[in-house]
Structures are given as structure tokens and as C-alpha cells.
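Take a look at the letters that make up each chain.
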Amino acid sequence: MKEMVRILPDKCQLWITTHSLGVLRAAQELAVATPGSVSLIDFDGVEPDIAQELVPSNLGRVSWEKMLSIALDDLSDQLAPQAIIVCEGSSLGTRRKDFDAEIYNQILASRTNGVLFISGGASNQIKAARVSVKDALQMILPKAKVIALCDRDDKSQQEVDEFERDGGLVLPRRNLESYLFDDEVIDALVSSVGRPEMLSDALAVKRDAIAESVSRRNPPDDLKSAAGTLYVKLKSLLGLTQCGNDTDAFMRVTLAPLINPAMDVYKELQTCVIERI
């Protein structure tokens, strides 16, 4: 597959349908080496007799799921993720299902070989979830490192030290939304829609949303509490359409893809998570 991609003329695409673990692994490596070059359409659960629109899925999440479901007996050390990071969020239900994991996989895992983020429950469940996940995976992926990751929230430094002493990781900022609504990401957003001159207005919207959140007695660094207001007002200010039907979708499909390795906010996430594995 790599050789076929290498000899493709410019402006050409290569479409492959496969159940091959080797092809999936090669696709992962190509995606990391050249971000944006690989898309994956997952037909799992698709009803062929019903017209529907399919969109690209997260390459890391889908390909690891396929590897685990297709050939558990053939998983080798080379195929298995080197690190599985258990982050906040649930794989059950529909509201915010796998939200944090999808964001982390999109921003970090898609650019890092051998790393997979999965949901492990609420903040107070992460440490216990790490243990249960580690026990469950030990028989399948004995060499994979399982690490717990949680938001800072209102944890004291002593609580942070204790959590990290047990092998976990704590974000330096209060929550993941603090990164998604970083000033640098808002700058990238206004530029992405061809409205760079609106940056000061967009940042004023952020300040107002935070002030409104504080008036409801939320901490000033709690961007999760301000996210809903920010979504509505940024959407109105910039005239955004098809940017996500709610706040979570907006963060997942519009903001997260804007974060790239050239940005300081990306480097901070890279430093506090990937470089500490």
C-alpha cells in the first residue's frame, strides 16, 4: 500500500477496502507521517438498503477497534498500542459519549504512533477505571502501558501529587474545554472562516461569556461552564453554519481540528500528556 501511495501521480487518490491488520497499521503510519493524507470510512453497522451520508471516522479509534475485533489471536507487540490513556467520559449513552477520548485521539493520538485514548468514567472514577481497564487488557495487550488522565478541576496540589504518584496524569488547566477555547484556537477559527479582522470581537465574546459564567458563581477558568454561551455567540458573530448542531459537536468537529503542532496550545498538551507517558 505504501508503495502504491508513493507512485501515485499528484492530485490522485487511492481507495482501499480491507480487513488487513497490516494495511490498517500502514494507514496509521501514513496518517502520522503526513497529517490529513488518510481518511477512513467505517462501514460497520451501516444498513446498505438505506440511503445515508457517511463521513470520515477517527483513524486511530476505528483501526484499533478493528484490530481488536478482527484478530485478537494475532495481535503482536508491534500492532498493540504502546500506551492506552484512560480519560474522563463515558462510552455509554449518547450525551457526550466518548467526548474527551475523541478529542484527544483527534488532536494527539492521530499524530503519535502507539497511543490510544479511551473513556473511563467521571473524574472520581478514573483512577479505579484505570485499574479495571489494566486488568482487563493485561491478558490481551500485556506490554501496553495503561495511564489515567483527568482534568485539574479544583484539585489541590497535594491531590495532584498523589494522583500522579500513582502513575496518573493531571491536566495543568481546569478542563479540556480550556484548551479548545484557548485564544490561539479562537484566532485560528476566525482565520479559518476568512474573518481575521473579527479576532478582537471574538475574544471579547469569550471575555463576556466568562464574566457571565462567573456571575453564576463558576470559577473564571471554567471554560466548560462558559462553553454553551461561547458556542452561541461565536456562531452568531462569525455567521457560522454547519459547524456542529450543539456545543459538544462544535468543539469536536470545528475547534479540535484547528489545533495543530505549530500552536502553543498543542505543544502544551503534547508536553503534559504525550511526553510524560
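Since the structure is predicted, the reported quantities are computational estimates derived from the model, not experimental observations.

Re a nonpolar patch on the surface
A cluster of nonpolar residues, Met 4, Val 5, Leu 14 and Ile 16, forms a patch on the protein surface that exposes about 290 Å² of accessible area. Tracing the backbone through its elements, the reader meets Val 5 in helix α1 (residues 2-7). With relative accessibility at 32%, the residue Val 5 sits in the partly exposed group.

A few points about unusual backbone geometry
Phi angles above zero are rare outside glycine, and Lys 11 is one such case at about 65°. If you trace the backbone, Lys 11 turns up in the loop between α1 and α2 (21-33).

Structural notes on the nonpolar core
Judged by nonpolar contacts, the single largest core of 52 residues is most densely connected at Phe 117, Leu 180 and Val 273. Top contributing element to this core by residue count: helix α10 (residues 223-238), with seven residues. If we ignore the near neighbours within four places in the chain, the residues touching Phe 117 are Ile 85, Cys 87, Ala 101, Tyr 104, Asn 105, Leu 108, Ala 109, Leu 149, Val 273 and Ile 274. Core analysis: the next-biggest nonpolar cluster, separate from the first, contains five residues, Cys 150, Val 160, Phe 163 and Val 170 among them.

Structural notes on the environment of Pro 257
In this fold, Pro 257 is placed in the loop between α11 (247-255) and α12 (264-272). Residues Pro 257 and Ile 107, 150 residues apart in the sequence, show an inter-C-alpha distance of 7.1 Å. Contacts of Pro 257, omitting those with residues within four sequence positions, involve Gln 106 and Arg 252.

Description of the packing of aromatic side chains
The relative placement of two aromatic rings is captured by the distance of their centres and the angle of their planes. Applying the stated rule across the entire model yields three aromatic pairs. On the basis of an interplanar angle of 35° and a centroid distance of 6.4 Å, the ring pair of Phe 181 and Phe 250 is categorised as tilted. With Phe 181 in the loop between α7 (177-180) and α8 (183-192) and Phe 250 in helix α11, the pair connects residues that are 69 residues apart, well separated along the chain. For the pair Phe 181 and Phe 250, a shared accessibility class is recorded, and that class is buried. Pairing Tyr 231 with Phe 250 gives two aromatic rings, centres 5.3 Å apart and planes at 50°, and the pair type is tilted.

Each value, and the rule that gives it
- Residues numbered from 1 in each chain as written.
- Predicted model: local features only at pLDDT ≥ 70, side-chain atom pairs only at ≥ 80, totals over all residues.
- Heavy atoms only, no water.
- Patch = residues over 30% accessible without salt bridge, like charges linked within 9 Å, V, L, I, M, F, W, Y side chains within 5 Å.
- Areas by Shrake-Rupley, 256 points an atom, 1.4 Å probe, with all protein chains shown as cover.
- Salt bridge = Lys/Arg side-chain N within 4 Å of Asp/Glu carboxyl O.
- Helix = DSSP H or I, 4+ residues; strand = E, 2+ residues; numbered from the N terminus.
- Buried < 20%, exposed > 50% of the residue type's maximum accessible area, 1.4 Å probe, protein only.
- Core = buried A, V, L, I, M, F, W, Y, C linked by side-chain atoms within 4.5 Å.
- Contact = heavy atoms within 4.5 Å.
- Phe/Tyr/Trp six-rings, centres within 6.5 Å; stacked < 30°, edge-to-face > 60°.

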